[in-house]
Amino acid sequence: MATASSGLQYDAAIGGTVELPSEIDMVRFAEERRDEVCLMIRKMASNEHQRKLMHQSLPLHMRRRAMSYNPKRLPRKFRAVHVAQFSKSGVSEKKKRPSRRFRRKPHNLLKEYERRKRAFVWLETHVWHARRFHMVSRWGYKIPQTPCNKGYRAAYRATSKHALLHDLSYEGCVEVRGPESTLHDGFRRMCSERVGLTMAAKAYGAGTRAGYVWLFEDGQYPYGCLGRVRFVWRATDEQQHRTVWIFAHPSFYRRLVEQLVTIFGLKNALRETANTLEDITRNPPDIRCPRYSNGVVEVIELKNTLNRFHLTGPLAQATLAKALKLYQAPEQTASSPQHWFTDYPTPKSLRKILKHQAAYWDAVKDLTSPGELSPGEVIGLVIEDPRLNRPQRRTKALPSRNQARYAALANDDGLLAPTTSTCFSPLWDETIRNRITEEGKSTHELNVIRSREALVPGERCASEAYLQPVPILLLQTPGSQDAAYKRLGYGSGWDVIVPAGYGLPLWHSLTRWGAKAAGQKELEMIAIESGCDRSGVPDTVLGCTESATSYQDAVARYFRRPNNRRVNYTKLAIASPFRCPWQQLVQEWNRSKDTMASDHQNDRFFVLRDRDALAKLRLALERKFNLRSINLPSDALVPLLLTMKTRGNPGENALICLPKREDFRANRVARLGDEHGPVYTEPLRKDPHEQERKVLRAGHLRMLKRLRRQRVREKKRRQRANPGRLVKIAAANNAVRVREQLDRMAELWLPGKPANGIRNQCSRECFGYVTQCCFTLTEGNVTGIGYVTVKGLEKLFKVCNKGTFKVLLRGTKSRGYRFATIRLGGEA
């Protein structure tokens, strides 16, 4: 055996001094390794010098993304350590979500619905809409915005040829009771005869017609407009004590109640309060119908206790005729169930009135359009349970071709003339409404009765004839009354008022008979197709609320974009791209050289609603009257309907500008050359704040980096001073600096007070804004609704001295001006 160097050889087989065993004792090897493995586990579980979590300490091939929140993904021997680490970090244990089968159980669904109703009020048709519509949160309600399928043209076809249905139940009802003279005196303080017929007009006093009226704050006309409401008086022979229902939009519903409490001097009838208005109108949430009274006049809030459906279109009449089946009282026996109809105080007189209503409804139900009836007509009906008269499949209701009955009775004043019997309804009685809601059979109970008694599926059973009837009110909507303005009768329909508990059954019946359901977007479409402004009137509470909401959303969306993706409105010479500054616009036009007196410098403005002034102004636009002789107030805004002469859609918040002589010449040349471009293009302006924004942004970023470096150095210093411990420092408190930076940058992007003001923000004088603008199918052109100042309109009359009156429209994202013709706007 050769001898090798002792420094290089270790094995005896090749000359070394160390001999290796030919086999390994596994028990002895495991015992020797046990101490090493235990030491490694103690090191991994120890918090000292531990920089990683357990699931981060595993080899790469064993790591899974789900290990951070699911301990079962780790090996079993490491799970306890992992759970201990997460429990120390304060992370709550994630509970397993219940199965869908458990969540979809009826009692669990109802609990979930009740929980979700706490933040926003649900309409009775909410679940039906939530499956088919985009739902939005507005005015404290969850309301349908627009259907999930494309529905604009379909909704227009429904309004023009078929029937469109919308749930207006979010509009609250206020009931006012008291002597007729006292109520008339109070209502005259809230509305004006110069606007039109008031709530005290004789045309509405009998209760045979429902009307619309503009309401104002107490004695503030023409300022302080609350909004437009619908009202109907209760038909009764008693002239000493009358009742009226007022349906108001939720945006000003609370202010309407406060105005009524102030005008009539009311106190809270359900609890003791202080003398302040805020305390009087504050009510606990468990009070369903708050009351206010002074012993003579009583005001009751009926909000969320009545359902109101709006039907519009020529087939609205046929849809109601099919969906509503008049109640025929069966013969009562000793075992017959009792309900409100059988317990009515004077059943003989009620049956006589119902017979007259049935004859009247039988005569008018076959009309081809609701617009053929007198405007605002009120019809009271008592119908069967809507679930008893419903087709199996969706069926389109069509009017009857035989109208001989209506033609024969057209001259019968005793039947077709509106009377108190025609509009009588037990729905006005609060006790009856409560009994209807409490004693109504649910759909489940009705199905149980049918399954037990019906011999043939689909046929009526004996118990269905004894279900309680449902009283409803029909309020006719007149639609367009001026054929020169919009198609005669367009927008006519019915408002159906139903007691609580029967909203969804009647909704199902109307949709089954062919009515197309619509959302809030389609309702606004109907308004602009009719040439009316529903939600953008500048001086109303609803208009101000919607303008402020859309402005906040648009500004937030604008500043979420990066700098190189924002439209620079300063270069486009647009002072206010996201809202219409009406107050500043009126001030600048009233402070011109012609009106420098301080008495004309009024900060308030209002929309012109004076019927006499509007009639004269309409004649002036036809060049049949002198505008100067009308004496329009300088702080008024005139509503206009604008129609584009060429292509282009300026959109909302577009500028209404005064044209110049060269614009008319350019338009004449372009028309002869068949060109469709803008008549004038605004030159690009220089942005004086562009360099300042760059410097400010760079300085802000440098400051944030400097503060971050300071925090990093501080953390490293503390770490060196405390070796072996995990050092944490407080988070950066830069919220105030960032907010100040955002405010400064926002002011540089969109100055609150532009240098040139609103009137002279661009090359053409701005004297108004467009609130709504879109392609209207009734006109076949782009149409918008806008408001202009009186002084600007007077200057337009000087510029357009012959031909039709035209204005220049310019969108907020365009530099081109295009001509549009103007007409006086209609009512909302």
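No experiment lies behind these values; they were computed from the predicted model shown.

Enquirer: So what about the packing of aromatic side chains? Which residues, and what values?
Expert: Under the defined criterion, the tally for this structure stands at 25 aromatic pairs. Note on Trp582 and Tyr787: the rings are 5.9 Å apart at their centroids and 85° apart in plane angle, and the pair reads as edge-to-face. Here Trp582 is found in helix H20 (residues 582-590), whereas its partner Tyr787 is found in strand E22 (residues 781-789), with 205 residues between them in sequence. Take Trp582 and Tyr787: they sit in the same class, and that class is buried. Counting every residue linked through ring pairs, the aromatic cluster contains Tyr558, Phe559, Tyr569, Phe578 and Trp749. Arg308 extends its terminal NZ or CZ atom over the ring of Phe247, reaching a point 5.1 Å from the ring centre. Sitting above the plane of the Trp589 ring, Arg759 keeps its charged end 3.6 Å from the centroid.

Enquirer: Lay out the side chain of Glu546 with the relevant residues and their values.
Expert: Within the element layout of this structure, Glu546 appears in helix H19 (residues 541-560). A relative accessible area of 17% means that Glu546 is categorised as buried. If near-sequence neighbours (up to four positions away) are discounted, Glu546 is found in contact with Arg138, Trp139 and Ser535.

Enquirer: Go over the sheet that holds strand E15 (residues 493-499), please, and point to the residues and values.
Expert: Strand pairs in the sheet, formed through backbone hydrogen bonds, run parallel or antiparallel to each other. Taken in spatial order, the six strands line up as E13-E14-E15-E12-E4-E16 in an open sheet, and their pairing is mixed. Among the strands making up the open sheet, the edge pair consists of strand E13 (378-383) and strand E16 (516-517). Pairing between strand E12 (residues 306-312) and E15: seven bridges, direction antiparallel. Its bridge partner lying in E15, Leu306 is registered against Pro499.

Enquirer: Would you mind going over the side chain of Asn268 in detail, with residue names and values included?
Expert: Along the chain, Asn268 falls in strand E9 (residues 267-268). A polar contact of 2.8 Å, which involves the side chain of Asn268, links it to the backbone oxygen of Ile280. A polar atom in the side chain of Asn268 sits 3.0 Å from the side chain of Asn283. Setting aside residues no more than four positions away along its own chain, Asn268 makes contact with Thr273, Ile280, Arg282, Asn283, Arg291 and Tyr292.

Enquirer: Go over the packing of helix H6 (residues 152-160) against helix H18 (residues 520-529), please, and point to the residues and values.
Expert: For any two helices packed against each other, one specifies the inter-axial angle together with the distance between the axes. Orientation of H6 relative to H18, taken along the N-to-C sense of each, is 60°, at an axis distance of 10 Å. Here H6 lies oblique to H18, going by the angle between them. The hand of the H6/H18 crossing is right-handed. Facing H6, whose interface residues are Tyr152, Ala155, Tyr156 and Thr159, H18 presents Glu522, Met525, Ile526 and Glu529. Looking at side-chain class alone, the contact of H6 with H18 contains five nonpolar, one polar and two charged residues.

Enquirer: Please set out the packing of helix H7 (residues 180-188) against helix H9 (residues 253-264) residue by residue, giving values where relevant.
Expert: At their nearest, the axes of H7 and H9 sit 10 Å apart, and the two run at 120° to each other. The orientation of H7 with respect to H9, classified from their angle, is oblique. The way H7 lies across H9 gives a crossing that is right-handed. Residues Thr182, Leu183, Gly186 and Phe187 of H7 form the contact with H9, whose participating residues are Leu260, Ile263 and Phe264.

Enquirer: Any chance you could break down the sheet that holds strand E1 (residues 121-122) for me, citing the residues and the numbers?
Expert: Reading across the sheet, the three strands line up as E1-E3-E2 and stay open at both edges, with mixed pairing between neighbours. Two strands bound the open sheet, and with one partner strand each, they are E1 and strand E2 (133-138).

Enquirer: Would you mind going over empty space enclosed by the protein in detail, with residue names and values included?
Expert: Throughout the structure, instances matching the rule amount to three cavities of 30 Å³ or more. Along the walls of the largest cavity sit Arg288, Cys289, Leu302, Thr305, Glu430, Arg433, Asn434, Thr437 and Ala500, which together make up its complete lining. Its volume calculated, the second largest cavity comes out at about 40 Å³. Taken together, Ser169, Glu171, Gly172, Cys173, Phe247, Leu302, Lys303, Asn304, Leu306 and Arg308 make up the full set of residues lining the second largest cavity. For the lining of the second largest cavity, the secondary-structure elements that each account for two or more residues are strand E5 (172-178) and E12.

Thresholds, definitions, all that
Within each chain, residue numbers correspond to sequence positions counted from 1 in written order. Local features are withheld for residues below a pLDDT of 70 in this predicted model, meaning they are given only at 70 or higher, and side-chain atom pairs are given and counted only at 80 or more; totals for whole chains, interfaces and linings count all residues. Based on all heavy atoms of the structure, the side-chain values leave hydrogens and waters out of the count. Between rings of Phe, Tyr and Trp, where Trp is taken as its six-membered ring, a pair exists when centres lie within 6.5 Å; planes separated by under 30 degrees are stacked, by over 60 edge-to-face, and by other angles tilted. Helix and strand assignments come from DSSP, with helices taken as H or I runs of at least 4 residues and strands as E runs of at least 2, each series counted from the N terminus. Only protein chains enter the calculation, and the probe is 1.4 Å; a residue is then buried if its accessible area is under 20% of its type maximum, exposed if over 50%, and partly exposed in between. The rule for a charge over a ring is simple: NZ of Lys or CZ of Arg within 6 Å of the ring centre, and within 35 degrees of the ring normal. Here, residues are in contact when the closest pair of their heavy atoms is within 4.5 Å. The rule for pairing is simple: two strands pair if DSSP sees at least two bridges between them. Between N or O atoms, a polar contact is any pair within 3.5 Å; within protein, one atom must be a potential hydrogen donor and the other a potential acceptor, and residues adjacent in sequence are included only when both atoms are from side chains. Interaxial angle, 0 to 180 degrees, is taken between N-to-C directions of lines fitted to C-alpha atoms, where a helix line uses only the stretch in contact. Roughly parallel here means an angle under 35 degrees, roughly antiparallel means over 145, roughly perpendicular means 65 to 115, and every remaining angle is called oblique. Helix crossings get a hand from a simple test, with the near helix turned counterclockwise from the far one by less than a right angle marking a left-handed crossing and a clockwise turn marking a right-handed one. The classification used treats Ala, Val, Leu, Ile, Met, Phe, Trp, Tyr, Cys and Pro as nonpolar, Asp, Glu, Lys and Arg as charged, and all other residues, Gly among them, as polar. A cavity here means a set of 1 Å grid points, computed over protein atoms only, where a 1.4 Å probe fits but cannot escape. A pocket is an open set with protein on both sides within 12 Å along at least 5 of 7 lines, and lining residues have an atom within 4 Å of a point. Grid points are joined across faces, edges and corners, and a volume is the space filled by probe spheres set on the points.

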